[in-house]
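Each chain, letter by letter, is given below.
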Amino acid sequence: MRKNIRQEYNEEDSETGNNEGFDDSQDAVSVKRTIVVPGEVIISGEDYLPGEGARRSGENVIASRFGLSEVAGRAVKVIPLFGAYVPRRGNVVIGRVSDITFYGWMINIDSASSGFLPIEESPRFISKEEMDQYLAIGEVVAAKIWSIKTKGIDLSLKGKGLGKLEGGFVFKVIPARVPRIIGKEGSMVNLIKEKTGCNITIGQNGWIWIKGPDMDSEIKARKAIEHVADQVMVEGLTDKMESWFQENK
Amino acid sequence: MAFKRVDGRKFNELRPITAKVGVIPNADGSAIFAFGDNIAIAAVYGPRQLHPQHMQDPKKAYLRVNYDLLSFSVSDRKRPGPNRRAQEISKATEWALSPVIDLSLFPGNVIDVQIYILQADAGTRTAGINAASMALAHAGIPMRDLICSVAAGKQDKELILDLSKEEEDFEEGEGATDFAMAKVANSDEFTLLQLDGKIPPERVKEVLSLVADSAKEIYEAQKKALKEVVTHGNGSN
């Protein structure tokens, strides 16, 4: 039952707008991408509107982070390519249970502060005695960020595709590349799922869980994802992945 | 000019620069930067939660720099661990880098910068700052600009740039002056001025313009290294 639910997660995730950043979208307006370093002039002109990672200084729009600059029509932004995960409310993340307290579970989500999953936020009632039967230390879980406070991050398991991840394996990619792996409305991850027959859950923190019918397809899915994460400069990668799967049978 | 430097460089010539980004797989950002035989490696971790908690600033992130010479980096083995000199340079580096970093985006967190000198040959703090600046950019930290750093100096009465150890130890005439500086790449701001020795006040302007010129060379090297890590694909991890 849960398997079906989980497969829907990525579609749902992209609908809820978690997939900001870069994907393979090629809109009607011409999009130009170049690598920029902090302080570099992206484009000159009074007309352009600096967005995320960009700022205006007189005539010029200047990059304020290292990444890919994108000029789409009048909008200018810099898409990050590297860096640690910065949590945001509503993100789905994958984490590992690091401790069980009286009120819930501590989850290591590989970010600035660790996550806390309160016992009430599990989808069904769990008594304090059976907490470690439901989620034991070291087990992997997909959870949604419910709130971010200075004290820490609160997680929830209430939602589609969330819950304990059993079997399979987890690996890491650079968190900034996650939107690329998901693709426009989940197109990329759906393609990989389709070609390999694996169940894939992607956390915005860069942790990816794969479970497939056999080891070979799991490894193939992982290779495909790492290939996508590596090819940051290629446009229209979803189409090119078709031929990648042809070559890497 | 009749004046000749020990290694035959021109007075405003830097030692050959090598720069590479993405050298430490486990760090969020990393870089290596060398002026000739003077090699620094930098790693950036974070933003991550700051411990001990009483050091947390609810308004902005804390930039924590740790600079140190590795024990094999100098000809007489250095006793491992931080000393007074390392502490001072850590702090100076922190002040040199923080003006360009947007720390207000990560309140309560820390950005850890580790700088280690693999091989020392005068001007280690400048190489360290250059490496750290690249590593910070590589870690995706929002920055206003990159920082370029180089030491100027004086050998007797001659102004020179990027002193080697031999030049730093020069003792004849007025002796040697070591003037470490860091500059914001695309603006006229200086973020570090550390003078060791003596220099007439009227010549400081001259030194600043010399450094501003060679900072461009360093900036180009940093830019090239950062762009290469994307195009040459440095693995997804």
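Residues numbered from 1 in each chain as written. Chains lettered and ligands numbered in written order. Predicted model: local features only at pLDDT ≥ 70, side-chain atom pairs only at ≥ 80, totals over all residues. Heavy atoms only, no water.

Observations regarding the pattern of salt bridges
When the charged atoms of two side chains lie near each other, side chains of opposite charge can form a pair. All names here are of chain B. Summed over the entire model, instances satisfying the criterion amount to 30 salt bridges over all chains. When the shortest N-O distance is used, the salt bridge between Asp-7 and Arg-9 registers 2.9 Å. Exposure remark for Arg-9: the relative accessible area of 9% places this residue in the buried category. Ionic pairing is found between Glu-220 and Lys-223, a salt bridge with its closest N-O pair at 3.9 Å. With a gap of three residues between them, Glu-220 and Lys-223 both fall in helix H4 (residues 201-231), about one helical turn apart. (Salt bridge = Lys/Arg side-chain N within 4 Å of Asp/Glu carboxyl O. Buried < 20%, exposed > 50% of the residue type's maximum accessible area, 1.4 Å probe, protein only. Helix = DSSP H or I, 4+ residues; strand = E, 2+ residues; numbered from the N terminus.)

Comments concerning the interface of chain B and chain A
Facing the 30 residues of chain B at the interface are 29 residues of chain A. Here chain B packs against chain A, burying approximately 2,200 Å² in sum over the two surfaces, 58% of which is carbon and sulfur. Applying the counting criterion to the chain B and chain A interface returns one salt bridge. The closest approach of N and O atoms between Lys227(B) and Glu40(A), which form a salt bridge, is 3.0 Å. The dominant element in the side of chain B that touches chain A, judged by the number of residues it contributes, is H4(B), at seven residues. By residue class, the composition of the side of chain B that touches chain A is 12 nonpolar, 12 polar and six charged. (Contact = heavy atoms within 4.5 Å. Buried area = accessible area lost by both parts, 1.4 Å probe. Nonpolar A, V, L, I, M, F, W, Y, C, P; charged D, E, K, R; others polar.)

What to know about the pairing of strand S6 (residues 67-72) of chain A
Residues and elements named next belong to chain A. Of all six residues in S6, five are buried; the element is thus mostly enclosed. As defined by bridge partners, strand S1 (residues 31-36) adjoins S6 across six bridges and the pair is classed as antiparallel. Bridge pairing in S6 links Val-31 to Ala-72. Examined bridge by bridge, S6 and strand S7 (residues 75-80) share six bridges and lie antiparallel to one another. Following the sheet pairing, Glu-70 is matched in S7 by Lys-77. If you look at the hairpin formed by S6 and S7, you'll find two residues sitting between the two strands, and Gly-73 has a positive phi there, around 65°. (Pairing = 2+ DSSP bridges.)

A word on the packing of helix H2 (residues 124-138) of chain B against H4(B)
Residues and elements named next belong to chain B. The interhelical angle for the contact between H2 and H4, taken along N-to-C directions, is 35°, at an axis separation of 11 Å. Crossing geometry of H2 relative to H4 is assigned as right-handed. Residues Asn-130, Ser-133, Met-134, Ala-137 and His-138 of H2 form the contact with H4, whose own contacting residues are Ile-218, Gln-222, Ala-225, Leu-226 and Val-229. Partitioned by chemical class, the residues of the contact of H2 with H4 number six nonpolar, four polar and no charged. (Axes fitted to C-alpha atoms, helices over the stretch in contact; angles between N-to-C directions. Left-handed = near helix turned anticlockwise from the far one by under 90°.)

Overview of the confidence of the model for chain A
All names here are of chain A. Per-residue confidence for chain A gives a mean pLDDT of 86, with 88% of residues at or over 70. Within chain A, the element-level pLDDT minimum falls on helix H1 (residues 2-15), averaging 40, and the maximum on strand S16 (residues 207-211), averaging 96. Here residues 1-18 is modelled with pLDDT under 50, and outside its nearest four sequence neighbours on either side it reaches 39 contacts, counting other chains as well. For the stretch residues 24-28, pLDDT sits under 50, and the model shows 11 contacts to residues farther than four places along the chain or on other chains. (pLDDT = per-residue confidence, 0-100.)

A few points about the side chain of Arg125(B)
All names here are of chain B. On the secondary structure map, Arg-125 appears in helix H2. At 2.5 Å, the side chain of Arg-125 and the side chain of Gln-194 are in polar contact. Once you skip the residues sitting within four places of it in the chain, Arg-125 turns out to touch Tyr-67, Glu-88, Ile-89, Ala-180 and Gln-194. (Polar contact = N/O pair within 3.5 Å; in protein donor to acceptor, adjacent residues only side chain to side chain.)

Let's talk about the packing of helix H4 (residues 187-196) of chain A against helix H5 (residues 215-230) of chain A
Residues and elements named next belong to chain A. Close contact between H4 and H5 brings their axes to 9 Å; oriented N to C, the two are set at 155°. Our classification of the angle between H4 and H5 gives roughly antiparallel. With respect to the hand of their crossing, H4 and H5 are arranged in right-handed fashion. Of the residues in H5, those in contact with Met-188, Ile-192 and Thr-196 of H4 are Ser-217, Lys-220, Ala-221, Ala-224, Ile-225 and Val-228. By residue class, the composition of the contact of H4 with H5 is six nonpolar, two polar and one charged. (Parallel < 35°, antiparallel > 145°, perpendicular 65-115°, else oblique.)

Side note on the packing of aromatic side chains
Scanning the entire structure with this criterion turns up six aromatic pairs over all chains. Between Trp105(A) and Tyr134(A) the ring centres are 5.9 Å apart and the planes differ by 50°, which places this aromatic pair in the tilted class. Taken together, the positions of Trp105(A) in strand S9 (residues 104-108) and Tyr134(A) in helix H2 (residues 131-134) put the pair 29 residues apart, joining distant regions of the chain. In this pair, the class of Trp105(A) matches that of Tyr134(A), namely buried. Taking the centre distance of 5.1 Å and the plane angle of 80° together, the rings of Phe33(B) and Phe35(B) count as edge-to-face. (Phe/Tyr/Trp six-rings, centres within 6.5 Å; stacked < 30°, edge-to-face > 60°.)

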